[in-house]
Amino acid sequence: MTALSSVEHDPECLLCRAEHVTTWHFEDRECWVADCLVCATPMIVWRAHGLPNAEEQARLLRHLERVAAERYGEDGYWIDAVRRRIPDHWHAHARPAGGFFDPASELFGRF
Ligand SMILES: [Zn+2]
Ligand SMILES: [Zn+2]
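What counts, and at which threshold
- Residues numbered from 1 in each chain as written.
- Chains lettered and ligands numbered in written order.
- Predicted model: local features only at pLDDT ≥ 70, side-chain atom pairs only at ≥ 80, totals over all residues.
- Helix = DSSP H or I, 4+ residues; strand = E, 2+ residues; numbered from the N terminus.
- Rg over C-alpha atoms; globule rule 2.2 N^0.38 Å.
- Buried ≥ 20, exposed ≤ 12 C-beta atoms within 10 Å, placed from the backbone.
- Contact = placed C-beta atoms within 7 Å.
- Pairing = 2+ DSSP bridges.
- Core = buried A, V, L, I, M, F, W, Y, C linked by C-beta atoms within 7 Å.
- Expected span 1.5 Å × (residues − 1).

A separate point is the overall build of the chain. Helix and strand counts for the chain come out as two helices and five strands. What you see in the chain, going N to C, is helices and strands ordered as α-β-β-β-α-β-β. The globule rule puts the C-alpha radius of gyration for 111 residues at 13 Å, and the 14 Å found for the chain is close to it. Considered along the principal axes of its C-alpha atoms, the chain spans approximately 45 × 25 × 20 Å. Every one of the 111 residues in the chain was classed for burial, and the buried ones make up 24%. A separation threshold of at least 6 residues defines the contact pool for the chain, and within that pool the share at least 24 residues apart is 52%.

For strand β1 (residues 24–27) and strand β2 (residues 31–35), the ladder comprises three bridges, and the chain directions are antiparallel. In the sheet register, W24 faces β2, and the bridge partner there is A34. Between β1 and β2, which pair antiparallel one after the other, the connecting turn spans three residues.

Judged by nonpolar contacts, the single largest core of 17 residues is most densely connected at V33, M43, I44, V45, W46 and L64. Dropping the residues within four chain positions of it, W46 is found in contact with E30, C31, P52, L60, W90 and H91.

So, on to unusual backbone geometry. Positive phi is not limited to glycine here, since A18 has a value of about 50°. With respect to the helices, strands and loops of the structure, A18 is situated in the loop between α1 (14–17) and β1.

The next point concerns the pairing of strand β3 (residues 42–46). Among the five residues that make up β3, five are buried, leaving the element largely enclosed by the rest of the structure. What you see with β3 is no split at all: P42, I44 and W46 on one side and M43 and V45 on the other are buried throughout. Note that β2 and β3 share five bridges and pair antiparallel. In the sheet register, A34 faces β3, and the bridge partner there is M43.

A word on the environment of G109. Mapped onto the elements, G109 comes out in the segment after β5 (91–96). Here the alpha-carbon distance between G109 and G73, two residues 36 residues apart in the chain, equals 20 Å.

It is worth spelling out helix α2 (residues 54–72) at this point. Between its first and last C-alpha, α2 extends 25 Å over 19 residues, near the 27 Å set by a 1.5 Å rise per residue. Along α2, the residues classified as buried are L60, L64, V67 and A68. Check the buried side of α2 and you find it contacts β1, β2, β3, β4 (77–80) and β5. Just downstream of α2, G73 is the residue with a positive phi angle, here 50°.

Spelled out as structure tokens, the structure:
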């Protein structure tokens with residue numbers, strides 16, 4: 001039995017369901033990185049329904065940073081750790097420098 005099999009799981013939670021509806025860039029036992037359905041930016045999601053401690057967050061964010069560096073390259077990016085829609089399940093976005101949505105998002109340029 002792994003440590004993660006005993007963690008909280010909320011069947012109503014979109015992030016817990018972890019459906020492959022967009023491009024996935026990375027996954028392991030702890031987390032996954034995929035394009036956000038709304039923003040189209042890379043987003044990291046912890047597998048557990050909850051909040052990791054600061055040390056774990058720093059380690060997890062390295063996966064997101066790797067994907068973001070590949071996506072945005074020299075233009076740069078910023079890590080947005082604010083959880084607006086699902087505050088109780090840890091996730092973070094990597095957004096293009098100076099922007100909020102990825103150019104691939106329908107919402108790009110509207111905000
Ligand atoms: Zn998003
Ligand atoms: Zn959840």
